[in-house]
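Each chain, written out:
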Amino acid sequence: AAFSERVMHHALMNVCHPVFERFQISGSYATRPGKGQYAALEHAKILVRRHPWFGKFDVRKYFDSIDHETLYDNICRLFKDPLLLKIFRSIIDSYAATPGRGLPIGNLTSQYFANYYLAYADHFAKEKLQSKAYLRYMDDTLFFHDDKDALIEMMKRFNTYVDGNLHLCLKPACINSVSKGVPFLGYTLFPRHVRLSRISRKRFVKKYAACAGRLACGTWTEREYAGHLCPLIAFTRYADARHFRQAVSQRMEASPKVRTAFFAAAVGTATGTSTTPRTAALPTVTTTTPTTATTTSGFVLCFILSSKSPVDAGQDEPVCSTLFPRDE
């Protein structure tokens, strides 16, 4: 959206936020002050320790599949002002991934609309299904239960509601024991520890390689490199991923300044000039430049194409049973 439209979206949501907020349940964590990704993960960690079985749903291409008429009808239940409803209608109709469906990713109004759209499913889960262990972050939904058969029945009814009332296409449901790991928001949650998901590990290595490649070819300074690397490392620190970061660091084939900047980012600095990392952050790595893969392309390939990539080293991945799969 244009800048002026974004200003209008923020102004609207500043006024309408309390109305949207009142409709949310406590287990909804997206686009809400005091909630967020890591609050959702902390809640999920508590439920992982309390219940032996979990079920997971998420929506296929969620933002692109939101039905305009259903969304507008639901918004009309919250708001009655004709001018406000006219503005909401114009915002909804301003974008369509397919005829009559879709919200643009990135707009603040889209985040509110998308979170509100599935709030009806939240109320169905809590009030009709009587689920006592349920949470949702945008379209990532988790159920927990002590009885596997009861969980399967609950998830079937939930699937039917979302399909029939919200006209959304859910991906095949996943159900398994929590001991096998609960995939949620880029992590895999176990009763006693947290690991990065396989996709997160691959994404980390790919972005890490791209950052280091820009430093090696002089596109970025060490300060810029450390500034981009800090968020990547911060994401991995929520999980038990120290050995994974060590493996990535040890396989890095680049100049000494790349290693120095990596250590600086690992201990939370943005200068990229510290040469003495904390012992607990990463192992000491020799600063002699390897004779293999001295070019940027070779450096990137050693991360992405190597059959011995640390992405697959020592990390468990949950194996989910699927329920009532849909045809592609």
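All values derive from a computational prediction rather than experimental measurement. (Residues numbered from 1 in each chain as written. Predicted model: local features only at pLDDT ≥ 70, side-chain atom pairs only at ≥ 80, totals over all residues. Heavy atoms only, no water.)

Trainee: Go over the packing of helix α7 (residues 119-128) against helix α8 (residues 148-165), please, and point to the residues and values.
Mentor: Relative to each other, α7 and α8 sit at 145 degrees, their axes nearing to 10 Å. In the crossing of α7 with α8, the sense of the turn from one axis to the other is right-handed. Taken together, the residues of α8 that come into contact with α7 (itself represented by Y120, A121, F124, A125 and K128) are R157, F158, Y161 and V162. Among the residues forming the contact of α7 with α8, the class breakdown is 7 nonpolar, no polar and 2 charged. (Axes fitted to C-alpha atoms, helices over the stretch in contact; angles between N-to-C directions. Helix = DSSP H or I, 4+ residues; strand = E, 2+ residues; numbered from the N terminus. Left-handed = near helix turned anticlockwise from the far one by under 90°. Contact = heavy atoms within 4.5 Å. Nonpolar A, V, L, I, M, F, W, Y, C, P; charged D, E, K, R; others polar.)

Trainee: With reference to specific residues and values, describe the sheet that holds strand β6 (residues 187-189).
Mentor: Pairing in this open sheet of 3 strands is antiparallel, and the strands run β5-β6-β7 from one edge to the other. Pairing within the sheet leaves two strands with one partner each, and these edge strands are β5 (182-184) and β7 (194-196). Direction aside, neighbouring strands of the sheet carry axes that sit 30 degrees apart on average. Here β5 pairs with β6 via 3 bridges, running antiparallel. Each bridged residue has a counterpart across the sheet, and for P183 the counterpart in β6 is T188. Across the sheet, helix α2 (residues 37-50) lies against β5, β6 and β7, angled at about 25 degrees from β6, the strand it touches most. (Pairing = 2+ DSSP bridges.)

Trainee: An account of the pattern of salt bridges is needed here, citing residue identities and associated values.
Mentor: Taken as a whole, this structure holds 8 salt bridges when the rule is applied. Between R32 and E21 there is a salt bridge whose closest N-O contact spans 2.6 Å. You can see R32 sitting in the loop between α1 (3-23) and α2 and its partner E21 sitting in helix α1, a full 11 residues away along the chain. Owing to a relative accessible area of 12%, R32 belongs among the buried residues under this scheme. In this structure, the salt-bridge partner of K171 is D58, at a minimum N-O distance of 3.4 Å. Highlighted residues: K171 in the loop between α8 and β4 (173-177) and D58 in the loop between β1 (53-57) and α3 (62-65), separated in sequence by 113 residues. (Salt bridge = Lys/Arg side-chain N within 4 Å of Asp/Glu carboxyl O. Buried < 20%, exposed > 50% of the residue type's maximum accessible area, 1.4 Å probe, protein only.)

Trainee: Let's hear about the pairing of β1: which residues, and what values?
Mentor: Most of β1 sits inside the fold, with 4 of its 5 residues counted as buried. Summarising the sheet, β1 and strand β3 (residues 140-145) pair through 5 bridges and their orientation is antiparallel. Of the residues in β3, the one forming a bridge with K56 is L142. Bridge count for β1 against β4 is 4 bridges, and the pairing is antiparallel. Counterpart to G55 in the pairing with β4 is I175.

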